[in-house]
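Each chain, letter by letter, is given below.
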Amino acid sequence: MAATLSLAMASLLIASPASAQVSGCEPLQKLLQTRQALVGKITAAQKAKRKMTPQEACSTFGTLVNNGNETVKFATANQDWCQIPGSFIDGLKADNQKVATFRGQACNAVKQQAAMQRRAQQQAQSANPFGGADSITSGAGGGLKVPRGAL
């Protein structure tokens with residue numbers, strides 16, 4: 001994943017200096033720098049062999065997808081003015097689609113984790129520490145036995 005993003009970033013950064021020189025194309029440079037920083041964060045976590053939590057991955061990939069959407073939108077709208085090659089935009093779209101898939105997987109993991117925690121809490125709340133009302137009053141076993149006879 002990081003290799004794909006790094007390769008896409010290399011092609012983006014090669015194209016961006018020329019396009020940034022044209023007046024009105026500076027936002028593309030800023031979007032690409034933000035994207036590079038996000039990819040750097042992901043790459044650093046992978047190199048450190050530190051797995052991101054599903055929450056971190058969902059958030060980071062979500063930000064990266066939003067950045068990609070903005071970048072594609074700007075690049076498409078300003079393709080002629082900023083002299084952005086079509087292959088650059090196509091590569092960015094493909095890269096952003098891959099990131100969106102990773103985001104979907106990470107965010108689904110967050111949802112599943114939250115659902116499991118809710119179920120565990122509900123089960124813990126509904127569990128009776130005395131083994132149930134039937135076992136207390138019946139003489140056939142259970143956690144507590146009611147004494148028989150006169151008190």
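For the structure, check the block above.
Residues numbered from 1 in each chain as written. Predicted model: local features only at pLDDT ≥ 70, side-chain atom pairs only at ≥ 80, totals over all residues. Heavy atoms only, no water.

### Description of the packing of helix H3 (residues 54-77) against helix H4 (residues 86-126)
Quick reminder of the rule: Axis angles are defined between N-to-C directions and span 0 to 180 degrees, where every axis is a line fitted to C-alpha atoms and, for a helix, only to the segment in contact. Numbering of helices and strands runs from the N terminus; a helix is a DSSP stretch of H or I covering at least four residues, while a strand is a stretch of E covering at least two. With respect to orientation, any angle under 35 degrees is reported as roughly parallel, any angle over 145 as roughly antiparallel, any angle of 65 to 115 as roughly perpendicular, and every other angle as oblique. Crossing handedness is read from the near helix: turned anticlockwise from the far helix by less than a right angle, it gives a left-handed crossing, and turned clockwise, a right-handed one. Residues were grouped as follows: Ala, Val, Leu, Ile, Met, Phe, Trp, Tyr, Cys and Pro as nonpolar; Asp, Glu, Lys and Arg as charged; and all remaining residues, including Gly, as polar.
Orientation of H3 relative to H4, taken along the N-to-C sense of each, is 155 degrees, at an axis distance of 8 Å. It follows from the interaxial angle that H3 and H4 lie roughly antiparallel. Remark: the crossing between H3 and H4 carries left-handed chirality. Classifying every residue of the contact of H3 with H4 gives 18 nonpolar, 8 polar and 2 charged.

### Concerning the pattern of salt bridges
Defined as follows: By salt bridge we mean one thing: a side-chain nitrogen of Lys or Arg within 4 Å of a carboxyl oxygen of Asp or Glu. Buried means the residue's accessible area, taken with a 1.4 Å probe over protein chains only, is under 20% of the maximum for its type, while exposed means over 50%, and partly exposed covers the values in between.
If you walk through the whole model with that rule in mind, you get 2 salt bridges. In this structure, Arg35 and Asp95 form a salt bridge, with 3.0 Å as the shortest nitrogen-oxygen distance. Taken together, the positions of Arg35 in helix H2 (residues 26-47) and Asp95 in helix H4 put the pair 60 residues apart, joining distant regions of the chain. Judged by relative accessible area, Asp95 falls into the buried class, the value being 4%. For Glu56, the salt bridge identified is with Arg50, shortest N-O distance 3.3 Å. By relative accessible area, Glu56 is classed as partly exposed at 31%. Overall, the relative accessible area of 43% leaves Arg50 in the partly exposed class.

### With respect to the state of the cysteines
Applicable threshold: Disulfides are defined in this document as cysteine sulfur pairs within 2.5 Å.
Per the counting criterion, the structure on display carries 2 disulfides. A sulfur-sulfur separation of 1.8 Å characterises the disulfide bridge that pairs Cys25 with Cys82. Linking Cys25 and Cys82, the disulfide has an S-S dihedral of approximately -100 degrees and is accordingly described as left-handed. Of this pair, Cys25 sits in the loop between helix H1 (2-20) and H2 while Cys82 is found in the loop between H3 and H4, placing the two residues 57 residues apart along the sequence. Of the two residues, Cys25 and Cys82, neither departs from the other in class, the shared state being buried. Linked covalently through their sulfurs, Cys58 and Cys107 form a disulfide whose S-S length is 1.9 Å.

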